[in-house]
Amino acid sequence: MSVQEKVMTRPSDRLNEEQLLQMYYYMVLSRKLDERMWILNRQGKAPFHISGIGHEAIQVAQGFAMRKGHDWLFPHYRDIATCLILGVTPRQMLLALLGKEGDVFSRGRQMPEHFSYKPSKIVTVSSPVMTQAPQAVGVALASQLQGKDEVVVVGFGEGATSEGDFHEALNWAGIYHPPIVFVCQNNQYAISVHVKKQMPVENVADRAAAYNIRGVIVDGNDLLACYDVMVEAVERARRGEGPTLVEAKTYRPVPHSTADDDRSYRSREEVEQWKKRDPILLYEKYLMERGLLDEEKKAEVLKQVMQEVDDAVDFALHQPYPPVESAAEGVFGDFHLVKWPKAFKRNA
Amino acid sequence: MSVQEKVMTRPSDRLNEEQLLQMYYYMVLSRKLDERMWILNRQGKAPFHISGIGHEAIQVAQGFAMRKGHDWLFPHYRDIATCLILGVTPRQMLLALLGKEGDVFSRGRQMPEHFSYKPSKIVTVSSPVMTQAPQAVGVALASQLQGKDEVVVVGFGEGATSEGDFHEALNWAGIYHPPIVFVCQNNQYAISVHVKKQMPVENVADRAAAYNIRGVIVDGNDLLACYDVMVEAVERARRGEGPTLVEAKTYRPVPHSTADDDRSYRSREEVEQWKKRDPILLYEKYLMERGLLDEEKKAEVLKQVMQEVDDAVDFALHQPYPPVESAAEGVFGDFHLVKWPKAFKRNA
Amino acid sequence: MATKTNLQAVRDTLMEIMERDPSVVVMGEDVGPRGGVFRATQGLYEKFGPERVIDTPLAELSIVAVGLGMALNGYRPICEIQFADFIFPAFNQIVNEVARYRYRSNGAWTVPMIIRAPYGGGVSGGLYHSQSVEAFFTHVPGLYVLAPSTPKDIVGLLRSAAQAPDPVLFFEHKRLYGLVKGEVPDEYYEIPIGEGDIKRAGDDITVVSYGMTLHEAIKAADKLAETDGIQAEVIDLRTLFPPDLDLIYESVRKTGKVLIVHEDNLTGGWGAEIAARIAEDMFEWLDAPVMRLAGPDVPAVPYAPPFEKWFLPLADKIEAKMRELAEY
Amino acid sequence: MATKTNLQAVRDTLMEIMERDPSVVVMGEDVGPRGGVFRATQGLYEKFGPERVIDTPLAELSIVAVGLGMALNGYRPICEIQFADFIFPAFNQIVNEVARYRYRSNGAWTVPMIIRAPYGGGVSGGLYHSQSVEAFFTHVPGLYVLAPSTPKDIVGLLRSAAQAPDPVLFFEHKRLYGLVKGEVPDEYYEIPIGEGDIKRAGDDITVVSYGMTLHEAIKAADKLAETDGIQAEVIDLRTLFPPDLDLIYESVRKTGKVLIVHEDNLTGGWGAEIAARIAEDMFEWLDAPVMRLAGPDVPAVPYAPPFEKWFLPLADKIEAKMRELAEY
Ligand SMILES: Cc1ncc(C[n+]2csc(CCOP(=O)(O)OP(=O)(O)O)c2C)c(N)n1
Ligand SMILES: Cc1ncc(C[n+]2csc(CCOP(=O)(O)OP(=O)(O)O)c2C)c(N)n1
Ligand SMILES: [Mg+2]
Ligand SMILES: [Mg+2]
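Calculation criteria
Residues numbered from 1 in each chain as written. Chains lettered and ligands numbered in written order. Predicted model: local features only at pLDDT ≥ 70, side-chain atom pairs only at ≥ 80, totals over all residues. Heavy atoms only, no water. Near = heavy atom within 4 Å. Polar contact = N/O pair within 3.5 Å; in protein donor to acceptor, adjacent residues only side chain to side chain. Areas by Shrake-Rupley, 256 points an atom, 1.4 Å probe, with all protein chains shown as cover. Nonpolar A, V, L, I, M, F, W, Y, C, P; charged D, E, K, R; others polar. Donors = N, O, S within 2.8 Å, 3.2 Å for Na, K, Ca; no water. Tetrahedral: all angles 85-135°; square planar, octahedral: opposite > 155°, others 65-115°. Domains from an automatic or database assignment. Contact = heavy atoms within 4.5 Å. Buried area = accessible area lost by both parts, 1.4 Å probe. Helix = DSSP H or I, 4+ residues; strand = E, 2+ residues; numbered from the N terminus. Least-squares fit on C-alpha atoms with pLDDT ≥ 70 in both. Salt bridge = Lys/Arg side-chain N within 4 Å of Asp/Glu carboxyl O. Buried < 20%, exposed > 50% of the residue type's maximum accessible area, 1.4 Å probe, protein only. Pairing = 2+ DSSP bridges.

## Some points on the site of ligand 2
(1) Moving on: Not every one of the 21 residues close to ligand 2 is listed here, only the nearest: His76, Tyr77, Arg78 and Tyr189 of chain B together with Glu60 of chain C.
(2) Moving on: Looking at what sits near ligand 2, you find residues from chains B and C.
(3) Moving on: Contact between ligand 2 and Tyr77 of chain B: an oxygen atom at 2.6 Å from a side-chain N or O atom of the residue.
(4) Moving on: Coverage of ligand 2 by the protein amounts to 97% of the 580 Å² it exposes when considered alone.
(5) Moving on: Among the residues making up the shell around ligand 2, the classes are represented as 9 nonpolar, 7 polar and 5 charged.

Written out as structure tokens, the structure reads:
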């Protein structure tokens, strides 16, 4: 096989023009939605937002590598782009941002970006980091035992890998080989803590060997490189060839969240340097080189995106909050075999 | 340097006859004491015992590699031999077995083999496995920060490495490089669970690479091999050359504890096979080959050991239990800045 | 009617549940060929094989978390924590995750699973094989907490737990495993979660308990009836959350006096909540202060036999306290 | 006298303690150059450097465990848990280890350390940045649990905590960090652990609280005095364990009526223990049932602004409950 042929077997080579432009569309949509959420926060309209900016390449890649509604996602809290691809609408994102009625993630109970959308098998996110990893192993184990061909994708940051949950999840994954892909978005910081203070090895993926699973490093700002790695990992898992730990090297060009100020822990030069490798810039360059994008088309996409964003914001701002009584509901489900004592006043 | 010279630089080559026989003495003492504890349990005199039998080579090795009273030990609960070497007496072991007054570990509060002896810097053992590992890192970090030349040795079984604490401890150790030696006594079983169900890699020591620390595998039944590895690890740590994860491959030829029955999970053949590699047998063979031991000397050692064991048992059986009021003491220390409300009846 | 020990009740009911419901898996340390360190899962592995009876790595956090994940994807896991003392590595997963999945997803994601754990003292287990941990969980909205202590109640409540759409903590007192024997009806029955049980009728004082101290309280009550003619009504909470206040209040309306007994240490124990509820809701009915008798405020049950006796609220101590209450 | 916010009180006192005691180290996530996510450790890194102000890996279990180890070997660590909600990964280390070292080694090994954690709602933190977790720890023998809520109390209690020979949990209400301002005496003082404080005198009813609800209770009391002429005595527990029952009982002897208010959910909250104690010990003095007002039994404070208001026991709800009690 010639080098040329080898290259042509990359999954991304099988993407047609429409798909390539769809990916671009989701990158821009995610970015613009995200930027607007920052603005809404700065305007005092949204109490909090945690951002996916700069992480869109790996996020879009994983979304496209998955079978929508069939595979499972335990998202990283930055995975706005992935969730959009899997079926969450911009309106739903905004409703969650504001805690409004219609928030499909939690009906106003959770902070923004705590995604949850059962029709898309997006499993509810919580804030304590890394708890989702061993849970995702459980879902994958269940798929395996039932002979289903679902794959589970679970995301997290590099900082979270210091938690014991990471080790336990990978250990189980190594033992049972369920269909799971661990995706680490290594953006080099856990809030202010640089990855060099976080772990004594260069790469998170180097740790895969300790669990006898595949570890792969990819440029997390290069969409198609991410796509290739993700498709391979997902399809291997589907074929029963076991778990992969993917490490996407990336950067967070914005503060950790709207509550953060990153000037105390890193230089502006470092941030500016990385902005030159913005995943959207890189992908635009690629598309332009391939002749799939020009300024006109760019403007068109942007216009469409901004319409969606405006619509979502407008819609969400005008929705009511959920009725206050609803906050007390659903701590337990209905169950015919539970007898709630009358005298036990549930004060909720 | 010739092969011969290289061989002669092993730490064990520097051991003199007396030291070699002392090591033998401790192996036998630990074994005989341990066997007697089983008997006391079977006689209904001791509620529980967890055994070091078969693990004496690595335990004696680590004891001799440490500076007594200077280095710290967070023992594995099987480390009877190590504790004896570091200064715990057979009488104290027996008092702890029976929960009698004079038990230096806990004054009757903890189960047997929950060692603790501050004069020897043996830190109090608890039952939840692996909790000690990150604690030991803290002690080592404190030594490092204070520029002390103490080394911390921390022991555990291979099963316990599945706990998140293991990962967190090694991660910190890799980041800070404090003077610590992790010693895993891999006896291939965690109660009934074989190591193959416990972890997806062949060796615990293989995991050291994930933390950028040294990993060393040693025949855990070969005393002098263990000694060489332990001295090197301890002295490297002392010289500031960082942590080592030592994996001593061994076997538990007895049930997990007096509460276990190992026939449900492994064959008698397997156990018998391993008994042929009993660390005491191997070491006796070595000493005999070197002309340091003969049947007469063996009998002499045994006699001395049995006297100590008999004395300890006899002594402990005749000691009283601690006064019952003492069970209520020492939940908190005296502190001039705490005002215990009079009306707050402490029901202890 | 068959006579069974508590242990047999657990084991037989697990067997029955697994036979009936193919989505049930049992997972935990040594639950496979070893049959559990208390033999509570004995025979399951042989019958259902390694895919439904899973010997897990030594890692409680992930026993619970992997169980949770399986519950999301078609299974109903019964996770065993070998000793309740070792449930704390899984605390984050239970409190922040298992208990909150339903609420935080507004009912979209639910976690039907059981976490079983042997608890309690009286077996020379020292500080780390004797703990009572229920009060850490009864405080957490989103968890059912059960602690039956007779074979009949174990069977009936385990059957109910195995149908619950929400997580259930199922605590089994390890000292009672072999100690308590009782009749189990042959016909199928369930005991609703949240229903207490009067284990001994009486109308002088009310005693509320569960676990080992329940049995001690019954002993004490019988003794007291004999010696002093005082008739205590002994209520077995069985379900700790939600607690059957209806039953307790009914009894208090009759007796006006109530004593709560548990093995867990007093301060912040589950008895505090029960006492606070009675004191508030039944204020007008009370002829004496709501009293509590519980384990001392030391870090769990110490090992030496006299210490263990000192720690545990056994019949003699309960009897004395009952007398004090009756005489108030 | 300087006027400080709660946050400044924490920060300045940490600075002072580190200056005075070279064995003190501060460790936690983002406590270094970032100065903590709430800026409670701002300036420490610049002053004391990376050996005494340690940015740790993102791992609460080992923040506590490594701290414990350092405490064994010459240091007095002040470990920060970034949000109380994230203390649960360290639960095993705190409950089974930190709290038990002294007792299990019969006093040979001790653990002088502080674990600081911002807690509580009112900052749009949703289910995982709003939790009150104190009741999980007040139940555990071997831990001091403090929750001061004014600058003066924070300074005085943090100074005491930093000299304790045993572990101290130090909870700081995050909503109050910037909200509460108060005077801090210039001269050095300490506040003993275990001493409550009457924050508002009165003799009609007694209100016991701590944290944010303490401030709300004072507001409610002032309002009630104005509108109804009812004088409530508001007691700030400050130290949760051991609780100053002396002070409470003295007040109850005067008022005969007591209300306990906390933000943590009602069932199994720390108020249960306080209520149970009062109900038992002060039975003869009570003219009304011991009442409690607390957060609802849902898994923590939900996010949407109206939900948050619904959850928190704010002044209006407290006022209504006080009136109910006064009128009983
Ligand atoms: C258990 C836990 N501890 C602390 C936090 C607070 N916290 C939120 S995000 C974060 C940093 C996470 O860093 P990383 O895993 O690298 O993900 P990133 O935010 O960089 O994508 C921290 C410390 C948390 N959410 N959970
Ligand atoms: C956290 C925790 N979970 C479970 C147990 C029960 N337990 C005691 S020893 C043991 C097996 C330990 O195996 P390993 O670490 O290999 O050490 P070994 O006993 O073989 O020396 C188990 C499961 C425990 N002590 N602590
Ligand atoms: Mg990061
Ligand atoms: Mg082992």
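What follows continues from the structure just given.
## Let's talk about the coordination of the magnesium ion (ligand 3)
(1) Moving on: For the magnesium ion (ligand 3), the protein coordination sphere consists of Glu158 of chain A (OE), Glu158 of chain A (OE), Asn187 of chain A (OD1) and Tyr189 of chain A (O), at 2.0 to 2.8 Å.
(2) Moving on: In this structure, the magnesium ion (ligand 3) is coordinated by 6 donor atoms arranged in irregular fashion, with angles at the metal of 50 to 177°.

## Topic: the domain arrangement of chain C
When the parts of a complex come together, some accessible area is lost, and that lost area is often used as the size of the interface.
Residues and elements named next belong to chain C.
(1) Moving on: For chain C, the assigned domains are domain 1 (2–184) and domain 2 (197–326).
(2) Moving on: Look at where the C-alpha atoms of domain 1 and domain 2 centre, and you get two points 26 Å apart.
(3) Moving on: Counting residues at the interface gives 29 residues for domain 1, matched by 25 residues for domain 2.
(4) Moving on: Both sides of the domain 1 and domain 2 interface together cover about 2100 Å² of buried area, and 58% of this is carbon and sulfur.

## Comments concerning the site of ligand 1
(1) Moving on: Around ligand 1, 21 residues are found, and the nearest of them are His76, Tyr77, Arg78 and Tyr189 of chain A together with Glu60 of chain D.
(2) Moving on: Chain contributions to the surroundings of ligand 1 come from chains A and D.
(3) Moving on: His76 of chain A is positioned such that a nitrogen or oxygen atom in its side chain is 2.8 Å from an oxygen atom of ligand 1.
(4) Moving on: The separation between an oxygen atom of ligand 1 and a polar main-chain atom of Tyr189 of chain A is 2.7 Å.
(5) Moving on: With the chains in place, 97% of the 580 Å² that ligand 1 exposes on its own is no longer accessible.

## Focus: the interface of chain A and chain B
(1) Moving on: With 20 residues of chain A at the interface, the matching set in chain B holds 20 residues.
(2) Moving on: Considering only the surface of chain A that becomes buried against chain B, His167, Pro200 and Ala210 of chain A emerge as the three largest contributors, covering 34% of it.
(3) Moving on: Our count for the contact surface shared by chain A and chain B stands at 14 residue pairs in polar contact (both at pLDDT 80 or more).
(4) Moving on: Put simply, the parts of the chain that give the side of chain A that touches chain B at least two residues each are α7 (164–176) and α8 (195–198) of chain A.
(5) Moving on: The element best represented in the side of chain A that touches chain B is α7 of chain A, accounting for 7 residues.
(6) Moving on: Of the residues contributing to the side of chain A that touches chain B, the split by class is 8 nonpolar, 8 polar and 4 charged.

## Observations regarding the relation of the copies chain A and chain B
(1) Moving on: Once turned by 180° and shifted 0.0 Å along the axis, chain A lies on chain B with an RMSD of 0.0 Å. With respect to symmetry, the two chain copies, as superposed, fit the operation of a two-fold axis. When C-alpha distances to the rotation axis are compared across chain A, the minimum falls at Gly164 of chain A, with a value of 1.8 Å.
(2) Moving on: Same-surface contact between copies: 100% of interface residues of chain A are shared with the interface of chain B.

## A look at the interface of chain D and chain B
(1) Moving on: Listed per partner, the contact involves 54 residues of chain D and 54 residues of chain B.
(2) Moving on: Note on chain D versus chain B: buried area summed over both sides is about 4600 Å², and carbon and sulfur give 61% of it.
(3) Moving on: The residue Asp281 of chain D makes a salt bridge to Lys345 of chain B at a minimum N-O spacing of 3.1 Å.
(4) Moving on: On inspection of chain D and its partner chain B, the count reaches 28 residue pairs in polar contact (both at pLDDT 80 or more).
(5) Moving on: Contributions of two or more residues to the side of chain D that touches chain B are made by β3 (53–55), α3 (60–72), α4 (91–98), α5 (101–104), α10 (245–255) and α11 (270–281) of chain D.
(6) Moving on: With 9 residues, α3 of chain D is the largest single contributor of residues to the side of chain D that touches chain B.
(7) Moving on: Split by residue class, the side of chain D that touches chain B holds 28 nonpolar, 14 polar and 12 charged.

## A few points about the pairing of strand β4 (residues 76–80) of chain D
All names here are of chain D.
(1) Moving on: Taken across its 5 residues, β4 has 5 buried, putting it largely inside the fold.
(2) Moving on: With burial as the criterion, each face of β4 is covered, one bearing Arg76, Ile78 and Glu80 and the other bearing Pro77 and Cys79.
(3) Moving on: Relative to β4, strand β2 (residues 24–28) is paired through 5 bridges, and the arrangement is parallel. Bridging across to β4, Met27 finds its partner in Cys79.
(4) Moving on: Relative to strand β5 (residues 114–119), β4 is paired through 3 bridges, and the arrangement is parallel. By the bridge assignment for β5, Cys79 is matched with Ile115.

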